[in-house]
Amino acid sequence: MTRSDFISGIVLLVFGLVFLFVLIPHDIEAGPEGVLPPSLVPNLMVGGIALLSLILIVKNWKRPGGQNVAREQSPISISEVKAVAWAITIIGVSILLFLWGGALPAATLLVIGLMLAMGERRLLPLVVTPVTLLIGAYLLFYQLLGTSIE
Amino acid sequence: MENLIGGFQDILTPVNIAWIALGVTIGYVVGVLPGLGKGTAVAVAIPLTYYISPLAAIALLIGIAKGSTAGSAVSAILLNAPGEPSSAPTALDGYPLARQGKAHKALKMGLFASVIGDFISTLVLIVLAAPLAEYALLIGPVELCAILLFSLTFIGGLSGSSLSKGMIAACFGILCSTVGLEIETAIPRLTFGVLELQDGLPLIPVAIGMLATAEMIVQMGNHKSIDQQTSLLDEGNASREDKIVLWEDWKYCIPAIGRGTAIGTVVGILPGLGASVGSFLSYGATKKASKRPELFGKGAIEGVAAAESADNAVVPASLVPLFAIGIPGSVIAAILIAAFIIHGVTPGPMMFVEQPRLVYGIYAAMICASLLLLCIGYFGLRFFALVTKVPMRMIIPVVLFLCAIGAFLQGDGIFGVMVMLAFGVIGFLAKKLEFSFVTFLIGFVIGPSFELTFRQSIALLNRDITQIIDRPIAIAFIVLTVLTIWRIAVANGKKNQLAQKDSEIPKT
């Protein structure tokens with residue numbers, strides 16, 4: 001049991017309660033009379049999430065104030081946080097580029113951006129990898145499988 | 001038997017054999033790469049199958065799953081970096097063997113054990129699934145709802161570090177499956193005005209996000225240490241005896257492979273336990289039964305055989321619940337459901353009634369894949385060993401590019417890529433915080449069946465729970481569910497107490 005369990009329990013409890021009392025009543029209409037409400041299973045599931053999160057919080061209640069907390073390492077390292085940020089940024093910008101300019105610039109940015117983010121600085125791989133991938137994808141999807149990415 | 005011969009007739013065409021061979025090769029290459037598992041490989045490959053026949057498509061995906069399971073041993077042995085967690089016990093003895101200059105011997109034994117475990121487990125699937133499916137056809141919605149509830153509890157309890165976290169993952173999976181138009185009233189649920197969500201969250205982008213994208217993000221954060229291990233790879237100058245598997249090695253390994261295959265098959269049939277449990281159990285059992293346990297961890301070849309046979313036996317066996325009752329027992333089975341649905345096949349007992357020829361074609365494909373695994377693995381060993389040297393900064397962008405294409409093709413265009421990214425981040429958090437993403441995915445896949453049978457059960461029981469007394473199978477599974485929760489909660493409680501005691505002991 002760790003502090004991360006305690007914190008994730010709180011986050012999930014809030015998530016469950018917000019869904020249960022705000023989002024589900026607001027977003028899901030009541031069904032016709034005599035029919036089981038469409039919100040039945042979503043309500044049961046978020047109710048379950050809220051209850052189980054509460055159990056998670058209670059089980060880890062003592063730990064945050066305990067002696068060993070300071071020694072507990074975060075389950076997510078700084079380099080992983082950076083990786084998440086890079087992935088969201090590069091894929092997100094690629095999506096925008098796709099909407100604005102199509103598949104070619106988006107795919108090029110996706111591959112080159114990720115390679116640069118991971119420390120690749122050599123010109124040859126930075127050119128050869130996206131070119132090979134794009135030609136390969138073109139041959140596979142447009143020519144061999146007969147579909148298109150547009 | 002007639003059906004099986006028919007199945008072989010269908011699969012033994014140059015085109016289908018080529019698809020299986022391609023699948024095994026792709027799977028092997030992906031499995032060899034540290035951190036890339038069979039789930040990632042199969043999820044990313046699904047878009048390639050849209051335009052081929054259902055049998056060839058399933059054969060390709062099964063080839064990938066089998067190839068990547070066997071391939072993950074290569075990086076475990078050469079780099080001490082398992083392709084996936086289930087190959088971790090392989091590294092315990094495989095890596096020391098490689099350091100002693102016996103890498104080729106370990107790689108070959110790993111391959112032989114993989115093929116034997118996989119082949120026997122495939123035969124078990126063929127023998128067991130059809131009779132079980134006949135029983136499954138006799139059960140109604142109330143019983144099926146109870147079985148689904150039991151399966152989810154069992155999977156949630158055993159596939160993660162804590163029962164509560166496993167059950168949260170299951171609930172979250174079912175919650176996500178309710179997004180879209182409700183089946184009875186066509187009222188939109190949790191769409192928040194987004195038109196694309198009315199059809200629900202697309203399965204393939206969700207699976208690619210949770211498995212492949214999340215794993216790639218994790219690897220992005222740790223790629224430097226993996227590349228460092230790769231750079232240390234040295235094949236050394238080994239003698240011929242150190243490169244081949246001798247009769248003396250077989251004497252130690254045959255019992256280990258038999259034990260590993262049996263353990264892996266049983267673990268595979270039980271939903272949710274997964275290949276890691278199988279390979280660790282098999283490794284532990286072989287060490288316990290060994291006459292030279294002191295060698296384990298230092299280069300015992302039977303350790304490699306035990307882990308690999310169990311690891312590979314899990315994959316075919318995990319398809320037993322999928323084929324017999326339509327419940328995915330593993331992440332591979334969950335992804336295969338998506339492939340089945342894309343190709344117009346509903347996995348479960350009705351497959352044996354409606355499309356027996358296809359089912360036996362799949363069996364034949366699985367047997368062919370086992371044999372091709374041996375050939376491709378054996379003759380391609382040198383090439384696959386070279387793949388481990390490709391740096392992660394080249395691999396990750398390529399895999400993420402393929403992920404994006406897969407999500408795009410099956411996820412309503414660019415919306416699929418957005419879903420993939422969102423679930424990639426959720427999957428990353430789930431992995432790091434130890435919420436079982438396997439349970440989430442299985443909950444997401446069986447969510448619609450669960451909701452449907454739950455609603456049908458309420459109607460059949462006239463909204464009166466006491467009427468369940470007339471349904472002994474449903475009662476049995478509800479009792480099993482309660483017992484599972486109780487048993488796992490007690491076991492976890494003891495584990496936590498021990499862990500707390502350990503942490504309280506002052507370190508000197």
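Everything numeric in this text was worked out from a predicted model, so none of it was measured.

Definitions and limits used
Residues numbered from 1 in each chain as written. Chains lettered and ligands numbered in written order. Predicted model: local features only at pLDDT ≥ 70, side-chain atom pairs only at ≥ 80, totals over all residues. Helix = DSSP H or I, 4+ residues; strand = E, 2+ residues; numbered from the N terminus. Rg over C-alpha atoms; globule rule 2.2 N^0.38 Å. Buried ≥ 20, exposed ≤ 12 C-beta atoms within 10 Å, placed from the backbone. Contact = placed C-beta atoms within 7 Å. Nonpolar A, V, L, I, M, F, W, Y, C, P; charged D, E, K, R; others polar. Domains from an automatic or database assignment. Axes fitted to C-alpha atoms, helices over the stretch in contact; angles between N-to-C directions. Parallel < 35°, antiparallel > 145°, perpendicular 65-115°, else oblique. Left-handed = near helix turned anticlockwise from the far one by under 90°. pLDDT = per-residue confidence, 0-100. Core = buried A, V, L, I, M, F, W, Y, C linked by C-beta atoms within 7 Å.

1. Things to note about the overall build of chain B
1) Next: A tally of regular secondary structure across chain B gives 22 helices and 2 strands.
2) Next: Over its C-alpha trace chain B gives a radius of gyration of 23 Å, about what one expects of a compact globule, namely 23 Å for 508 residues.
3) Next: With respect to the three principal axes, the spread of C-alpha positions in chain B is 75 × 65 × 45 Å.
4) Next: For chain B, the proportion of its 508 residues judged to be buried stands at 62%.

2. What about the overall build of chain A?
1) Next: Of regular secondary structure, chain A possesses 5 helices and 0 strands.
2) Next: Secondary structure of chain A in N-to-C order comes out as α-α-α-α-α.
3) Next: Relative to its full complement of 150 residues, chain A shows a buried share of 27%.
4) Next: Nonlocal contacts in chain A, meaning residues at least 24 apart in sequence, comprise 55% of its contacts between residues at least 6 apart.

3. Section: the interface of chain A and chain B
1) Next: The interface is formed by 54 residues belonging to chain A together with 49 residues belonging to chain B.
2) Next: For the side of chain A that touches chain B, the secondary-structure elements that each account for two or more residues are α1 (3-27), α2 (40-59), α3 (78-101), α4 (103-117) and α5 (123-144) of chain A.
3) Next: Tallying contributions element by element places α3 of chain A first for the side of chain A that touches chain B, with 12 residues.
4) Next: Here the residues of the side of chain A that touches chain B sort into 37 nonpolar, 13 polar and 4 charged.

4. What to know about the domain arrangement of chain A
1) Next: Each domain of chain A was delimited in the assignment, giving domain 1 (3-71) and domain 2 (78-144).
2) Next: Between domain 1 of chain A and domain 2 of chain A, the C-alpha centre-to-centre distance is 37 Å.

5. Description of the environment of Ser290 of chain B
Residues and elements named next belong to chain B.
1) Next: Counting through the fold element by element, Ser290 comes out in the loop between α12 (274-289) and α13 (301-317).
2) Next: Once the C-alpha coordinates of Ser290 and Ala214 are considered, the two residues, 76 residues apart in sequence, prove to be 39 Å apart.
3) Next: In this view, Ser290 contacts Phe296 and Glu302; residues no more than four positions away in its chain are not counted.

6. A word on unusual backbone geometry
Most of the time, phi is negative for any residue but glycine, and the peptide bond is trans.
1) Next: Of note in the backbone geometry, Phe192 of chain B takes a positive phi value of approximately 50 degrees without being a glycine.
2) Next: With respect to the helices, strands and loops of the structure, Phe192 of chain B is situated in the loop between β2 (188-189) and α9 (203-231).

7. Let's talk about the environment of Phe437 of chain B
Residues and elements named next belong to chain B.
1) Next: Within the secondary structure layout, Phe437 lies in helix α21 (residues 437-460).
2) Next: What makes Phe437 buried here is the crowd of 27 C-beta atoms within 10 Å.
3) Next: Residues Phe437 and Ile204, 233 residues apart in the sequence, show an inter-C-alpha distance of 15 Å.
4) Next: Every residue in contact with Phe437, bar those within four places of it in the chain, is listed here: Met210, Gly427, Ala430 and Lys431.

8. A look at the packing of α2 of chain A against helix α8 (residues 163-177) of chain B
Two packed helices can be described by the angle between their axes and the distance between those axes.
1) Next: Orientation of α2 of chain A relative to α8 of chain B, taken along the N-to-C sense of each, is 160 degrees, at an axis distance of 9 Å. Judged by the angle between their axes, α2 of chain A and α8 of chain B are roughly antiparallel. Of the two elements, α2 of chain A crosses α8 of chain B, and the hand of that crossing is left-handed. Of the residues in α8 of chain B, those in contact with Val41, Pro42, Met45, Val46, Gly48, Ile49, Leu52, Ser53, Ile55 and Leu56 of chain A of α2 of chain A are Ser164, Lys165, Met167, Ile168, Cys171, Phe172, Ile174 and Leu175 of chain B.
2) Next: In terms of residue class, the contact of α2 of chain A with α8 of chain B is built from 14 nonpolar, 3 polar and 1 charged.

9. Side note on the confidence of the model for chain B
1) Next: A residue-level look at chain B finds 94% of positions with pLDDT of 70 or above and a mean pLDDT of 85.
2) Next: For this predicted complex, the interface confidence score (ipTM) comes to 0.91, while the overall pTM stands at 0.80.

10. Section: the packing of helix α5 (residues 88-99) of chain B against α13 of chain B
Residues and elements named next belong to chain B.
1) Next: Direction vectors running N to C along α5 and α13 enclose 150 degrees, while the axes themselves pass 8 Å from each other. Between α5 and α13 lies a crossing of left-handed hand. Contact with α5, carried on its side by Pro89, Thr90, Leu92, Asp93, Gly94 and Leu97, involves Ile301, Gly303, Val304, Ala307 and Glu308 of α13 and no other residues of that element.
2) Next: The residue inventory of the contact of α5 with α13, partitioned by class, reads 6 nonpolar, 3 polar and 2 charged.

11. A closer look at the confidence of the model for chain A
1) Next: Across chain A, the average pLDDT comes to 86, with 87% of residues at or above 70.
2) Next: For chain A, α5 of chain A is the element with the lowest average pLDDT, namely 86, and α2 of chain A is the one with the highest, namely 94.

12. Topic: the nonpolar core
1) Next: With 215 residues, the main nonpolar core has Leu61, Ile77, Ala207, Ala365 and Leu441 of chain B as its most contacted residues.
2) Next: If near-sequence neighbours (up to four positions away) are discounted, Leu441 of chain B is found in contact with Gly173, Ala207, Met210, Val331 and Ala334 of chain B.

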